[in-house]
Amino acid sequence: MAVYTPLGKHDIDSLLSRYSLGVLDKHTGITGGVENTNYLLQIRTEQWIQRYVLTLFEYQQASTLPFFIEVTQKLQCNGLPVPAVIQDKHGQSLQTVKGKPAVIVPFLLGQYPKKPHISHCAQIGTILAKIHQTKLKSSLKQLNHRGIDWLEAQQERLFKLLAKHEASYMQQQWHSIISEISGCQTLPKGLIHGDLFTDNTLFVNGELTGVIDFYQSCYDWLLYDVAVTVNDWCITDNLALDGEKTSQLLKHYAAIRPFTRQEKKAWPFMLRLAAFRFWISRIITFVHPEQPINNANKETLRQSFLDPDKFKKMLELRTNKPEIWLL
């Protein structure tokens, strides 16, 4: 992700003194992304050199993070390629660096596909269904902190800040969403990733080697998670859905967790809701942030490819030409 909090060697050496990982060889800021600061750490021991990722949470409160830590540990124990947080000498997973909550996870080999192929989409359908099959204890059922209540509050705040035509379109979409949301109350819920975009996966020679960044995960509609994923993995250059990619992702997903009749009916709505949610969150990140950001952060965001206009156009497409590809 982007580097918002600069760290020197002394800062990281101080953090590593709490662990038994080895000696810092070098550290490199990881650019790209939106919300968190990430560093790639290369650590040397007497036998080998290992790589890890240090994440500093810029906006999320420390009190919310034990949920994500436990979820990744559970998924890893279930055999899924998820990097669980490393504990320090005293068994602590969550640290504090420059006043920010922080964790260290293993570095997984691979790169994300910038132009996903059908085979990538099929594998993502399989892994997403396996994530959704994970059973949570009642204590782990954290609600979506960017769910319907958050969207309602943000669209009210943004209505006064956006240009008139955009504010009007946002309000129109929101009223439509509210009018349809009651029909979704009986849809299956469970653990969702919440942000399974291409850049949160890793592949080596076309094979999935890792799923990362579970910091939007929560307990919510499973179909919503499928819609978020399809809206990123299965699109054409003009942001419409690619029929073959969509079909393969959904086919491989349904082979593990078949869709219910209610989910099939709600599919076009969920595609719209997913596009609306990321349109709103990108506006907040790029145009009207909830918290002040310094000039360096503004430049980082300006150079990023995660443009809110992409999601507005996607929302328009999903509204005017509802997609019906669902097995």
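What you see is a predicted model; the values in this text were computed from it and never measured.

### Side note on empty space enclosed by the protein
Here's step 1: This model, assessed by the stated rule, comprises 2 cavities of 30 Å³ or more.
Here's step 2: Taken as a whole, the second largest cavity holds about 40 Å³ of empty space.
Here's step 3: Lining the second largest cavity, in full, are Asn 144, Arg 146, Ile 192, Gly 194, Gln 216, Tyr 224 and Arg 277.

### A word on helix 2 (residues 65–77)
Here's step 1: The first and last C-alpha atoms of helix 2 sit 19 Å apart over 13 residues, in line with the 18 Å expected at 1.5 Å per residue.
Here's step 2: Where helix 2 is concerned, the buried positions are Leu 65, Phe 67, Phe 68, Ile 69, Val 71, Thr 72 and Leu 75.
Here's step 3: Considering only its buried residues, helix 2 is in contact with strand 5 (100–106), helix 3 (118–132), strand 6 (189–192) and strand 9 (218–221).
Here's step 4: Positive phi appears at Gly 79, one or two residues downstream of helix 2, with a value of about 90 degrees.

### Points about the packing of helix 8 (residues 261–286) against helix 10 (residues 308–320)
Here's step 1: In the contact formed by helix 8 and helix 10, the axes pass within 8 Å of each other and the chain directions differ by 160 degrees. Comparing their axes, helix 10 and helix 8 come out roughly antiparallel. Crossing of helix 8 over helix 10 shows left-handed handedness. Seen from helix 8, the contacting residues are Leu 271, Arg 272, Ala 275, Phe 276, Phe 278, Trp 279, Arg 282, Ile 283 and Phe 286; seen from helix 10, they are Pro 308, Phe 311, Lys 312, Met 314, Leu 315, Arg 318 and Thr 319.
Here's step 2: For the contact of helix 8 with helix 10, a count of residues per class yields 11 nonpolar, 1 polar and 4 charged.

### Points about the packing of helix 6 (residues 222–233) against helix 8
Here's step 1: The interhelical angle for the contact between helix 6 and helix 8, taken along N-to-C directions, is 60 degrees, at an axis separation of 8 Å. Relative to helix 8, the element helix 6 lies oblique. Handedness of the crossing formed by helix 6 with helix 8: right-handed. Residue-level contacts link Leu 222, Leu 223, Tyr 224, Val 226, Ala 227, Val 228, Val 230 and Asn 231 of helix 6 to Glu 263, Ala 266, Trp 267, Met 270, Leu 271, Leu 273, Ala 274, Ala 275, Arg 277 and Phe 278 of helix 8.
Here's step 2: For the contact of helix 6 with helix 8, the class distribution of residues is 15 nonpolar, 1 polar and 2 charged.

### Considerations on helix 7 (residues 243–254)
Here's step 1: For helix 7, which comprises 12 residues, the first-to-last C-alpha distance of 16 Å matches the rise-based estimate of 16 Å (1.5 Å per residue) to within 8%.
Here's step 2: Close packing links the buried residues of helix 7 with helix 3, helix 6 and helix 8.
Here's step 3: For helix 7, the capping residue at the N-terminal end is Asp 242, with a side-chain oxygen 3.1 Å from the backbone nitrogen of Glu 244.

### Notes on the nonpolar core
Here's step 1: If you look at the biggest cluster of nonpolar residues, it comprises 78 residues, and the most contacted ones within it are Tyr 224, Val 230, Met 270, Phe 276, Trp 279 and Ile 280.
Here's step 2: The leading source of residues in this core is helix 8, at 14 residues.
Here's step 3: Leave out the neighbours within four places in its chain, and Met 270 touches Cys 184, Leu 187, Trp 221, Leu 223, Tyr 224 and Ala 227.
Here's step 4: Core analysis: the next-biggest nonpolar cluster, separate from the first, contains 17 residues, Leu 7, Tyr 52, Leu 54 and Ala 102 among them.

### Quick word on the environment of Gly 190
Here's step 1: Along the chain, Gly 190 falls in strand 6.
Here's step 2: You can call Gly 190 buried: its relative accessible area is 8%.
Here's step 3: The spacing of Gly 190 and Asp 220 is 30 residues in sequence and 5.7 Å in space, taken between C-alpha atoms.
Here's step 4: Those residues within four positions of Gly 190 in sequence are excluded, and the remaining contacts are Cys 218, Tyr 219, Asp 220 and Leu 222.

### What to know about the confidence of the model for the protein
Here's step 1: Across the protein, the average pLDDT comes to 91, with 91% of residues at or above 70.
Here's step 2: Under a pLDDT of 50 for its full length, residues 301–305 has, in the predicted model, 8 contacts with residues more than four places off or in other chains.

### A word on the side chain of Arg 277
Here's step 1: Mapped onto the elements of the fold, Arg 277 is located in helix 8.
Here's step 2: Of the side chains bearing the opposite charge, Asp 195 lies closest to the buried Arg 277, which forms no salt bridge; the N-O distance is 6.0 Å.
Here's step 3: In this view, Arg 277 contacts Arg 146, Leu 151, Gln 216 and Tyr 224; residues no more than four positions away in its chain are not counted.

### Let's talk about the side chain of Thr 134
Here's step 1: Inspection of the secondary structure puts Thr 134 in the loop between helix 3 and helix 4 (148–159).
Here's step 2: The exposure class assigned to Thr 134 is buried, which follows from its relative accessible area of 7%.

### Regarding the pairing of strand 7 (residues 201–204)
Here's step 1: Looking at chain direction, strand 7 and strand 8 (residues 207–211) are connected through 4 bridges and run antiparallel. Opposite Leu 202, over in strand 8, you have Gly 210 as the bridge partner.
Here's step 2: In sequence, strand 7 turns back onto strand 8 through a hairpin of 2 residues, with Asn 205 there showing a positive phi of about 50 degrees.

### Observations concerning the pattern of salt bridges
Here's step 1: Summed over all chains, the structure comprises 9 salt bridges.
Here's step 2: Here Lys 310 and Asp 232 are joined by a salt bridge, their closest N and O atoms 3.8 Å apart. On the criterion of sequence distance, the pair formed by Lys 310 in helix 10 and Asp 232 in helix 6 is long-range, its members being 78 residues apart.
Here's step 3: A residue is classified by how much of its surface remains accessible, and Lys 310, at 25% relative accessible area, is partly exposed.

Thresholds applied
Residues numbered from 1 in each chain as written. Predicted model: local features only at pLDDT ≥ 70, side-chain atom pairs only at ≥ 80, totals over all residues. Heavy atoms only, no water. 1 Å grid on protein atoms, 1.4 Å probe; cavity = no way out; pocket = protein on both sides within 12 Å on 5 of 7 lines; lining within 4 Å. Points joined across faces, edges and corners; volume = space filled by probe spheres on them. Helix = DSSP H or I, 4+ residues; strand = E, 2+ residues; numbered from the N terminus. Expected span 1.5 Å × (residues − 1). Buried < 20%, exposed > 50% of the residue type's maximum accessible area, 1.4 Å probe, protein only. Contact = heavy atoms within 4.5 Å. Axes fitted to C-alpha atoms, helices over the stretch in contact; angles between N-to-C directions. Parallel < 35°, antiparallel > 145°, perpendicular 65-115°, else oblique. Left-handed = near helix turned anticlockwise from the far one by under 90°. Nonpolar A, V, L, I, M, F, W, Y, C, P; charged D, E, K, R; others polar. Polar contact = N/O pair within 3.5 Å; in protein donor to acceptor, adjacent residues only side chain to side chain. Core = buried A, V, L, I, M, F, W, Y, C linked by side-chain atoms within 4.5 Å. pLDDT = per-residue confidence, 0-100. Lys, Arg positive; Asp, Glu negative; His and termini not counted. Salt bridge = Lys/Arg side-chain N within 4 Å of Asp/Glu carboxyl O. Pairing = 2+ DSSP bridges.

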